[in-house]
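# Per-entry structural report
Here are the chains, one letter per residue:
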Amino acid sequence: MADALVFTPKHQQDCQKNYADFIAFAKNELTLFADHEFESSDGIQRGWNCDKWSWVPSSGKKLTIVFGNSINSFEYIPFKQPFADFAKAYVRYEQSLNHKDSTCWALSLMWIYKALEENATQNDRSDVDIMHLNNTVINRVEEQIKSSELSTGYKHNIGLSLEKVLKFIKNKRFKLDLQEWSNPFPRPSDPTIKFDKDSRKQEEDKCPSDYQMLQVADAFHQAKTPRQQYFSSLCVMLMCQPSRSVELNGLTVNSLQKSDKGRWYLMWHPAKGGDPVRKWIPKLMEDVVQQAFKRLVDISAPARAAAKFAHENPDVFLVHEECITSADFSQDQMLTYNQFAKAMGLKVGEQSNGSQESWAYPNVKWLHKLINKLNCVSDWKKDLLKGRVLSQDNEILTRITYKSTGISIKFPSYRDLRTVVDQKYKTKHFPNFGHTKVWDCITLVRENEFHSEFAVKPFSWLMVRKTPLGDALGSAREGTVSIFDELSITDEDGSPLSITTHQPRHWLNTKLKLAGEEDWLIAKWSGRADIEQNKAYDGRTETQKLRLTKRIGQVTKGEGVMTVAKTNQLLEPYTSDAPPPAIVLHDLGLPVSLKSLGVDRTGVAQFTGLGFCVHNYADSPCVKNGDCAVCSDHVCMKGLPHTLDELKRLEKLYEEQLADAKLKAEKQVFGADRWVTASGFRLSKIRTIITMMEDPHSPDGTPIRIPHELDPSPVKRSLNIDEQSVIPIWDLTALALSDLEE
């Protein structure tokens, strides 16, 4: 019987080739993570073969992508092939093309794998392949995400990731038969704009009470131990200025400065994109901040010295005051256990069973890994020690008689330990931290600096991290003791006091909002690049918000009430040297100054409905008897609502009056000729203003007033001032009548 042949369409062959070429390109041409190593239960994995890829972003918190299904925090089941290759190729390609300081964009890989694995089982396939992805599998992924107990926000992020992966597969022409899929999982609603009870409580709980913040201040006052002084000083820094805990690491020995006018300030580097900010310290807190700053400088001194030594002395281990070697001890000479333990802050002396501590007992992975490397073995205890006794002087002795076996094992020297120090404490950008040197950072501490059980490691340096700071402030982690517990400080109801590292920021922002401070200033002081982020830190209650929101004027465009926050936003571009124009002041319902209308005199203009009266009442009372429309001391403004319409209504009215006066003048009614002159003159003024208002070259806000030439002054006439010297070539009556004839 002849073999059955199955026809494969060309487009499928092309897709398979595209897919294979992509995997080969990512595996062989791209180099990201090629030098990465991961110690798994099966041994050391390197580069492409790693089940985990890790990197450290600018925030300093290590990120890891696991190519497997996680069982718990420590265990996982690796992806099967060929899906594992696709996942690694996708991650390497995307991260090489556009480095990301998050792992959210790869969240969907695990969910796609689960659905493909389930589909493979149903179809009796052993492999899990992305080329088996179809619409049924996609629908299954969506169903699994929807039925999970994950939060709304997490589901939304997975959906975004899945949408991106599916588009990538179609755009690269691996699969052409996939449906158009868009993320069906909505973004979580913003509790700041919701009015239900739970949302209101959630927002109000973000802001600590005044009592809690006063207790934090009390902890600073009572602090005795270095741990209490260090963490309470960090709290002072967070309380005096609205900053994030990660921004504490940017404080240096030069951050606290005094201006020429005697004001104290701190220089901060915002963590979310804002420019370096000079944050002024409130007058009431200047002494406290100076004291806290000095504490941090003193406590961080040993760690800063260690970091500076590491930079200035490459390949040399810092022989510190705890070391027990002689002054002429060589950096390359093998250490005894006690010498090593003193240098690295490990235990010496007897164990609980009476035996002496030695190389064989510490359960320190890096140490055993280093000894294995020095002796070129995979497990020095099994391969070299073989159950025998190791003396304090690094000799291997027989088990019963404790006689020397003559076997020599290489143990670390100071220079070997230096490589360990570099691997553990030298970050990617060492010696820099942002725009400064690591040894200038006053939050730097040594490892185990405040640990209750382990000895401090003298040759080490670490930035302040969120977890230790959270523990010190009363996090819910089991087994932790806060500085408040140590000082017997409780909450108002007697319960253990606990605040988060972000709550002082909420508290300060809320206080600023309650004080009516401008939004742009709050954003700048808080180091925000976007003013819209302020609302997430507004911890006012609904009652407080309603009390502080008030009407200060009606907007010219649109409807509604102008609030304080909106006003501040509109006034943000202006200063005392460059004040806002009159039309902006009018729109905000604020007093309109004479100077904003072009009148060089101190004072405020009176709004007439059509414009503003700028008459100087110190010279004389109003001589026009409120006839503002045709007065040269009246300023109209282009762009004011209804002004132009009202002027055109006056124009029609004066046209009717002039026509009536001319008709009666023709009938020789007594005095009608005077009405012709007066009405014509008034009409010419109104038309002059309308013409200037409709000038397309004049922008909104342009002040418009009747030229003095068109406004004979009764005062000047009473003083016998020859007005012909002012307008020698104008016959005003003739001008008005000629204008009408045209």
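Residue numbers restart at each chain and count upward from 1, following the sequence in its written direction. Under the rules for a predicted model, residues below a pLDDT of 70 receive no local features and side-chain atom pairs below 80 are neither given nor counted, while totals for whole chains, interfaces and linings still include all residues. Calculation of side-chain values draws on the structure's entire complement of heavy atoms; hydrogens and water are dropped beforehand.

### Description of the sheet that holds strand β16 (residues 634–637)
Only strands joined by at least two bridges in the DSSP assignment are considered to pair. Segments assigned H or I by DSSP are reported as helices when at least four residues long, segments assigned E as strands when at least two residues long, and all are numbered from the N terminus. One open sheet accounts for four strands, arranged β14-β15-β16-β17; its pairing is antiparallel. Whereas interior strands pair on both sides, the edge strands pair on one side only; in this sheet they are β14 (606–607) and β17 (703–705). Two strands pair when backbone bridges link them, and β14 and strand β15 (residues 612–613) are joined in this way by two bridges, in the antiparallel orientation. Looking at the pairing, Phe607 lines up with Phe612 of β15.

### Quick word on the sheet that holds strand β9 (residues 277–280)
With respect to topology, three strands assemble into an open sheet ordered β7-β8-β9, the strand pairing being antiparallel. With partners counted over all chains shown, the strands left at the sheet margins are β7 (256–258) and β9, one partner each. Each strand axis lies, on average, 40 degrees off the axis of its neighbour in the sheet, ignoring direction. In terms of strand pairing, strand β8 (residues 264–268) meets β9 through four bridges, oriented antiparallel. If you follow Met267 over to β9, its bridge partner there is Arg278. Lines fitted to the C-alpha atoms define the axes, with helices restricted to the stretch that makes contact. Angles between their N-to-C directions range from 0 to 180 degrees.

### As for the confidence of the model for the protein chain
On average, residues of the protein chain carry a pLDDT of 79, and 80% of them reach 70 or more. How sure the predictor is of each residue is captured by pLDDT, a score from 0 to 100. In this analysis, two residues are considered to be in contact whenever any of their non-hydrogen atoms come within 4.5 Å of each other. Contacts of residues 547–561 to residues separated by more than four positions or lying in other chains number 26 contacts, the stretch itself having pLDDT below 50. The low-confidence segment residues 723–742, where pLDDT is below 50, has 24 contacts with residues more than four positions distant or belonging to other chains.

### Observations regarding unusual backbone geometry
Peptide bonds are trans in most cases, and residues, glycine excluded, mostly fall at negative phi. With an omega of 5 degrees, the peptide bond running from Gln81 to Pro82 counts as cis. As for its placement among the helices and strands, Pro82 is situated in the loop between β6 (76–78) and α2 (83–97). Positive phi values are uncommon outside glycine, yet Asp315 reaches one of about 70 degrees. As for its position among the elements, Asp315 is in the loop between α9 (286–312) and α10 (337–344). Positive phi values are uncommon outside glycine, yet Gln668 reaches one of about 60 degrees. The topology assignment puts Gln668 in the loop between α21 (643–666) and α22 (672–693).

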